[in-house]
Amino acid sequence: MRIAEITTPDLRLLHRETESHTHHPLLSEIELCIQQSECISKNQPLPQALPTSLRQSLTRLSQLAPFPSNSFKLTIWKLSFRLWNACVDLSNAATLQSSSPSAENIANLRHVAADMLFLARDVTGVPSPTIKSSLFYHRTGLVWHSLKKYDLASNCFERATEILSKIDVAKLSDAGERKLFLDLNLARSRTAWEISDRNLAVTLLNRAKNMLFGSPDHYKSLSNQFLAFGKSALSRDDDDCSLNDALRLMNEALDLCEKGLGTAKTREDTMEFTSMRTKTLRFISAVHLQKGEYESVIKCVKVLRNGGSGGNGSDGADQHASLPVLAMKAWLGLGRHNEAEKELRGMVGNKDIPEAVWVSAVEAYFEVVGTAGAETAKGVFLGLLGRCHVSAKAALRVAHRVLGESRGGDSGSRIRANVVAQLVSDERVVALFAGEAVTKERKAIHSVLWNSASDHFRAKDFVTSAEMFEKSMLYIPHDIENRVFRAKGFRVLCLCYLGLSQLDRAHEYIEEAEKLEPNIACSFLKFKIYLQKKDHSCAISQIDAMTSCLDFSPDYLSLSAHEAISCQALPVAVASLSKFLSFYISGKTIPTTEVVVFRTLVTILTQDIGNETEALNFMLQAQSRASKLGTECFFGSGETGKREQNWFAVTSWNLGSRCGNAKKYELCGEFCRLASEFYSYMDTGESGENTAMICRSLILSVTAMIALEKENKSSLTETQVKLAAELLVRAGKIMSSSISDGKDCIMEPELIFMYTLTAYDIHGRLNNSAFQLLVVKTFAGSKSCNYNYLLQLGIFASQSPRSNSEVSTFALNECLSALIASATPDYPTIALIIRKLIAISSVHKGDTEDEEAIQKMYKQAYRIMVGLKEGEYPTDEGKWLAMTAWNRAALPVRLGQLDTAKKWLSIGLEIAEKVSGMDTYRACMEDYLAGFCTKVSSASA
């Protein structure tokens, strides 16, 4: 604001006098600088050196004090006014153009103008020079304050205060001068507050109470300043000290409003004071709320509502939007939730309450009341929808606040979710999120609902999860861009109803998802549904559908197998893994190794009895792949490969044993043969255990073939006989190699016997009698042989369809020798062997040598019987020997071979003498032999 030129008559006279005087050079210098500032155009920047030059000139001028004449002082005043007005013009230009001179430089010029006026403050002829000088400093201080140069502002205000300190306030009559005193104190107080000198600021305000002069405007200014400081203190960190300061300052403001009402002389002043008092009371309520003084808050609100302060309503009551919020929070603080709910519901009818305020109130209420307030929050929000426009952002905030940070699984979270589900499913709420303008909010509320549903899903609360997922679908537009999101929603709903075992509904959702986005996820979920329905045929068909998906990965077949196993759908698991195997054959790279798939298949099939044929099929495939790829490539390297090889070998052996025990001889033979192949892949170390297992497997395989022949009562084919022979040759080589290395054979004796027996049988079919005898002789010479095994071999060789008397005789003779050499001979067995040998020799008797051999057997039996106790040699066998030997003489007698007949008769009698119970027979035999000998003698003579 420009300062008017001095225009009084005395001043005009003085002006003429001063013009007659020669200007002092310093004044001329200052005037030139002022002229320069006056000549600066709007587009021209203020020279940076101008304020500095003026300040230097002023410093030199101050050194001339006291000034020589009043006219000199008056010249300084005129120059000061000219400089001030130039600053006003420059400031006005600065507000209009962005390229205006620096505001700080202009403030410096103002400060120079104020200092110039202060040098000549005792000029005569100018009305109120002291007031004008202080006014310059006051206005300069205000400029510095606006520029946040609080130290310079404080200097100006303090200089102005010093100038006015000599004036008696009580004697002031001019309203402008009185206002200057008050404004100066207020301005100085504001600056002190900004530099955090709070005590000085409050002291200055209290000092200003003496400068009110009964003016309503003064009361308003001072009250507003107290309130401003109170609000500033309230905005600081809400520690007790700051809140107390704020309350004290606001009470001062309230007191000034009360006193100001007494000075009001117009209706406008009265209304203004009333409005200020109401506003102050609201802030005082806010301070009490922050301090936790809830009863005081309620009292303030009641005062405001009762109209004790005037107010804006027709009944004088205050209807400000903050009152219900203050009251509600206070009731919440007092724990009186019903009253808080009434306040919250009452906000619905107040159209003046901004959206942000009531949303904040809902959040505050729900934060304190928690789950119990969920229904109230929903009711308030829906009520607000009916009376005013509510934004999508507000709906989002309420939904998010009600849901909170719960992770699901508890009753509180379930209640909150149900309330929000009801809220967001309201057509009016859904309508808030329609359109492109609220795309961001629509995505946000969808995320909020989706995350809540996910939390409940993880907590296995599938009912709540399904409900929240369904509500989230309301916020996905039905357009092409969002097809993927809708499909995803249908898929998770399918998972929820799978968890609830509502399979038909789950199937409906996955069908919808597949229409929108057909992919492997949909196909796999349909597979799960069929599994849970126990529809195995559809599940197996779905496996083929999965492989036709564009985003199919073989891993889904592995996952399908796991799902089928968990559902005890073993045929489905087998079908899935069988499909899996086809990808290995095609050469695709798959993380899961092929051997693992084969092992899993066999494990699944062998869980139940009756699947041995399928298991054998996969074991054969595994063996074929191992032969084709190489053992290290198929089974793996290192310890892992060894474990896999061992598993297949042991499993083949166990399955072969199981089938053998169940008399499934064909499967037994195949499994044993496979076992030999798998064991042959393994390391045959020093222990020789794997080698022994190969040999066992080969022998049992052939044994199973022979057992199957007997069971089916059909002879082995020529091909089968050759295969059995090959297997036995392998087994024989292994045993021979073990013995040739000087090691004890680690094979069980019974298994070696079984090998010998089967080898004899198979080679007999091949008419290889020489090998038959060799294999039996080899066995007879081994440590594994005993008389029992030899007896069985001898009997088998004598009774089988392809008997071999030579083998039988050798085996029985070896057995007899072993028994006789025993410390405790088994005479019944010896008797049996002798009878067998005699029978074999009798059947295959040819020439005289055979006759003599038979006689030797009888004589050997006699020698064995000599010295034995009665009954030690089986009586029946002794009688048989005696009677058959005697009867053998009949034919030679008829043929006239008297010597031969005599030998047999003698042998029979000798044996009869050693057999108890043949006394009667022996007497007859002796008489007949004596007569026969006489007859022979007569014939010889």
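The name recorded for the chain in an unreviewed UniProt entry is Protein ZIP4 homolog, from Eutrema salsugineum.

Caption draft 1: Quick peek at the overall build of the chain. Secondary structure summary: the chain contains 45 helices and 0 strands in total. Within the chain, buried positions represent 47% of all 941 residues. Considering only contacts within the chain whose residues lie at least 6 apart along the sequence, 64% involve residues at least 24 apart. Counting every atom, the chain has about 45,700 Å² of accessible surface; 51% of that belongs to carbon and sulfur.

Caption draft 2: Focus on a negative patch on the surface. Residues Glu910, Glu913, Glu926 and Asp927 make up a contiguous surface patch of negative charge. Of all the elements in the fold, those that place two or more residues in the negative patch are α44 (898–913) and α45 (919–940). Positionally, Asp927 belongs in helix α45.

Caption draft 3: View of unusual backbone geometry. Positive phi is not limited to glycine here, since Ser196 has a value of about 65°. Note on placement: Ser196 falls in the loop between α8 (175–194) and α9 (198–208). Ser196 sits in the exposed class, given a relative accessible area of 52%. Positive phi, normally seen in glycine, also occurs at Lys663, with a value near 60°. For Lys663, a relative accessible area of 53% gives the class exposed.

Caption draft 4: Broad picture of the environment of Ala564. When you line up the elements, Ala564 lands in helix α27 (residues 555–566). Classification of Ala564 by relative accessible area gives buried; the value is 0%. In this structure, the C-alpha to C-alpha distance between Ala564 and Ala575, residues 11 residues apart in sequence, is 9.8 Å. Residue contacts for Ala564: discarding those within four places in its chain leaves Leu531, Ala569, Val572 and Ala573.

Caption draft 5: Representation of the nonpolar core in the model. Core analysis: the biggest nonpolar cluster contains 154 residues, and Leu54, Leu61, Leu83, Trp358 and Phe381 have the highest contact counts within it. The element contributing the most residues to this core is helix α4 (residues 70–96), with 11 residues. With near-sequence residues (within four places) excluded, Leu83 lies in contact with Ile34, Ser37, Leu54, Leu109, Val112, Ala113 and Met116. Listed in part, the 130 residues of the second largest apolar core include Trp653, Cys695, Leu698 and Ala885.

Caption draft 6: Here's a closer look at the side chain of Glu594. Residue placement: Glu594 occurs in helix α29 (residues 594–605). A relative accessible area of 8% means that Glu594 is categorised as buried. Beyond its immediate sequence surroundings of up to four residues, Glu594 is in contact with Leu581, Tyr584, Arg625, Leu629 and Phe634.

Caption draft 7: A look at the environment of Ile540. Here Ile540 lies in helix α26 (residues 536–547). Using a relative accessible area of 31% as the deciding quantity, one classes Ile540 as partly exposed. For the pair formed by Ile540 and Ala575, sequence separation is 35 residues and the distance between their alpha carbons is 6.6 Å. Ignoring sequence-local partners within four residues, the contact set of Ile540 consists of Pro571, Val572 and Ala575.

Scoring rules and cut-offs
- Residues numbered from 1 in each chain as written.
- Predicted model: local features only at pLDDT ≥ 70, side-chain atom pairs only at ≥ 80, totals over all residues.
- Heavy atoms only, no water.
- Helix = DSSP H or I, 4+ residues; strand = E, 2+ residues; numbered from the N terminus.
- Buried < 20%, exposed > 50% of the residue type's maximum accessible area, 1.4 Å probe, protein only.
- Contact = heavy atoms within 4.5 Å.
- Areas by Shrake-Rupley, 256 points an atom, 1.4 Å probe, with all protein chains shown as cover.
- Patch = residues over 30% accessible without salt bridge, like charges linked within 9 Å, V, L, I, M, F, W, Y side chains within 5 Å.
- Salt bridge = Lys/Arg side-chain N within 4 Å of Asp/Glu carboxyl O.
- Lys, Arg positive; Asp, Glu negative; His and termini not counted.
- Charge placed at Lys NZ, Arg CZ, Asp CG, Glu CD.
- Core = buried A, V, L, I, M, F, W, Y, C linked by side-chain atoms within 4.5 Å.

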